[in-house]
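# Architecture and fold: a report
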There are 2 protein chains.
Amino acid sequence: MKKRPEITAQTRQNLIDSFWLLYCEKRIENITVKEITQKAGYNRGTFYEYFTDIYDVLEQLEASLIPSLDELPQFTIQNQTMGMPLDMLMKLYEKNSKYYSVLLGDNGDPGFASKLKTSIKPILKQELIQYNDLDPIEFDFILEYILSAMIGIMSYWFRNDKKLPAEDLIRLIQDIMTNGVTNRLLK
Amino acid sequence: MKKRPEITAQTRQNLIDSFWLLYCEKRIENITVKEITQKAGYNRGTFYEYFTDIYDVLEQLEASLIPSLDELPQFTIQNQTMGMPLDMLMKLYEKNSKYYSVLLGDNGDPGFASKLKTSIKPILKQELIQYNDLDPIEFDFILEYILSAMIGIMSYWFRNDKKLPAEDLIRLIQDIMTNGVTNRLLK
DNA sequence: TTTCATTATACAACAAGTTGTTTGATTATA
DNA sequence: TATAATCAAACAACTTGTTGTATAATGAAA
């Protein structure tokens, strides 16, 4: 198998691309193998040479979008001051916005947000753990809080065509994170 | 049709219940009408007397889980001090935890979180708008931030069998919201 | 270089299962 | 007894995953 990588890689990618076009339009459960292969110009059977089923396409695609530890921008308190994972997430999002805004949106995959959090948590943890003596459990909750908020607000930002200038958004989040949301809300 | 509401309401509920048992086990697209009606002890045709298709069941179920404006606990700055929507969401979640933890979980429906946010936002907005002079757009971002964080951390809490005592969780969130997350993280 | 067997790639056709609908028959209740 | 509620059976249309087959690129032998 796979003795002609240029060809199979191309076919694979064509199928993924067609899948993505459909995924942007409708829920995954309404996508058929027939549609994908027709759009890509292949026989339906060919699909099964590359994927076990439609969910396999999504999984493979998602896997390629989850940053591995070493390719994530290195994160230290020094270079990030307070920014926390803000920059990291921002860059990640920017780089893959085409996919992220859909996967993290209303018709996306709730599992993807989890995968993303899971991949980022260890990095933050490792760096932050030395600066506090929090109960590990409580620490996890705080991380979950931060990442949920960030992913939520970033998705909102992309969804709404970046109505707010990027600088304003960053300033806003940083302010909320350092001074609390209450102060900002109650003047 | 529907001249004997007691009976039809019961049937409807039985079908929804069976659907829910299956939904807790597997992805919605692998659920068949046959399975639902078999589990509930009805003929397959009966299903179509009540729902147009399987997604219709989920939609109807979700609709019953989204609080309407008037049934939401009234929220005022006075009685909530800083708590913001915390108590509100907490009670809502507690009341429907059986469904919320699944719908908001990894295999849930990403659209449900949106629906929930959309239903809560106006209430917060209405009450909070008078206490600040924020730019409306920025205001929306802050709301999105808060609700994403809250829903995220609450889901995490339920998913992990409430490892943290409820009081601790509430105190934690309130602290983060009033004093910022940074302070808590960096001792 | 040319030939030819190998095999990677893609295809067409298949059985099995689901969907949503329809028709007409059973219950049971009011 | 009239009819609401459910059931049984059958339907065409569609999707799925698999199997066996054709095409064409590859590389070793002549």
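What counts and what doesn't
Residues numbered from 1 in each chain as written. Chains lettered and ligands numbered in written order. Predicted model: local features only at pLDDT ≥ 70, side-chain atom pairs only at ≥ 80, totals over all residues. Heavy atoms only, no water. Contact = heavy atoms within 4.5 Å. Buried area = accessible area lost by both parts, 1.4 Å probe. Salt bridge = Lys/Arg side-chain N within 4 Å of Asp/Glu carboxyl O. Least-squares fit on C-alpha atoms with pLDDT ≥ 70 in both. Helix = DSSP H or I, 4+ residues; strand = E, 2+ residues; numbered from the N terminus. Buried < 20%, exposed > 50% of the residue type's maximum accessible area, 1.4 Å probe, protein only. Polar contact = N/O pair within 3.5 Å; in protein donor to acceptor, adjacent residues only side chain to side chain. Phe/Tyr/Trp six-rings, centres within 6.5 Å; stacked < 30°, edge-to-face > 60°. Domains from an automatic or database assignment. Nonpolar A, V, L, I, M, F, W, Y, C, P; charged D, E, K, R; others polar. 1 Å grid on protein atoms, 1.4 Å probe; cavity = no way out; pocket = protein on both sides within 12 Å on 5 of 7 lines; lining within 4 Å. Points joined across faces, edges and corners; volume = space filled by probe spheres on them.

Okay, the interface of chain A and chain B next. Facing 54 residues of chain A, the contacting portion of chain B comprises 53 residues. Both sides of the chain A and chain B interface together cover about 4900 Å² of buried area, and 71% of this is carbon and sulfur. Its largest share of buried area at the contact with chain B, chain A owes to Phe141, Tyr145 and Leu185 of chain A, together 18% of the area lost on that side. For the pair chain A and chain B, the interface holds 5 salt bridges. Across the pair Asp109 of chain B and Arg27 of chain A runs a salt bridge, and its minimum N-O distance is 3.9 Å.

Let us look at the relation of the copies chain A and chain B. Once chain A is rotated about the relating axis by 180 degrees and shifted along it by 0.2 Å, it coincides with chain B to within an RMSD of 0.3 Å. Both chain copies can therefore be described as sitting about a two-fold axis. Looking at the interface residues of chain A, 98% of them are also at the interface in chain B, so both copies use one shared face.

Mapping Ser114 of chain A onto the fold places it in helix H8 (residues 110–128). What makes Ser114 of chain A buried here is its relative accessible area of 16%. Polar side-chain contacts of Ser114 of chain A include one of 2.4 Å to the side chain of Asp106 of chain B.

To continue, consider the packing of aromatic side chains. A full pass over the atoms with the stated rule returns 20 aromatic pairs over all chains. Judged by centre distance (5.4 Å) and plane angle (40 degrees), the rings of Phe47 of chain B and Phe51 of chain B are tilted. This pair shows no difference in class: Phe47 of chain B is buried, exactly as Phe51 of chain B is. Taken together, the ring pairs in this structure connect Tyr93, Tyr100, Phe112, Trp157 and Phe158 of chain A into an aromatic cluster.

It is worth spelling out the environment of Lys117 of chain A at this point. Residue and element names in this part refer to chain A. Within the secondary structure, Lys117 sits in helix H8. Sequence separation of Lys117 and Ile66 is 51 residues, and the distance between their C-alpha atoms is 9.6 Å. Filtering out sequence-adjacent residues up to four positions away, Lys117 remains in contact with Glu144, Leu147, Ser148 and Ile151.

Glancing now at the domain arrangement of chain A. Residues and elements named next belong to chain A. Split by domain assignment, chain A resolves into domain 1 (5–64) and domain 2 (66–185). Taking only C-alpha atoms into account, the centre of domain 1 sits 30 Å from that of domain 2. The largest per-residue losses of area from domain 1 upon contact with domain 2 belong to Trp20, Tyr23 and Glu62, which jointly make up 65% of the total buried on that side. Lys115 serves as the salt-bridge partner of Glu62, at 2.3 Å between the closest nitrogen and oxygen. Where domain 1 meets domain 2, there are 3 residue pairs in polar contact (both at pLDDT 80 or more). Of all elements in the fold, only helix H1 (5–25) and helix H4 (54–65) reach the threshold of two or more residues within the side of domain 1 that touches domain 2. Here the side of domain 1 that touches domain 2 takes 5 residues from H4, the largest share from any one element. Tallied by class, residues from the side of domain 1 that touches domain 2 come to 6 nonpolar, 1 polar and 2 charged.

Our focus in this paragraph is helix H6 (residues 86–95) of chain A. When H6 of chain A is considered as a whole, its buried residues turn out to be Leu86, Met88, Leu89, Met90, Leu92 and Tyr93 of chain A. Where H6 of chain A is buried, its residues touch helix H7 (97–103), H8, helix H9 (136–159) and helix H10 (166–179) of chain A.

Attention now goes to the layout of surface pockets. The space that makes up the largest pocket amounts to roughly 700 Å³. In this structure, the largest pocket is lined by 38 residues; those nearest its centre are Leu104 of chain A together with Pro110, Ala113, Lys117 and Ile151 of chain B. Counting residues per element, the ones that place at least two in the lining of the largest pocket are H8 and H9 of chain A together with helix H8 (110–128) and helix H9 (136–159) of chain B.

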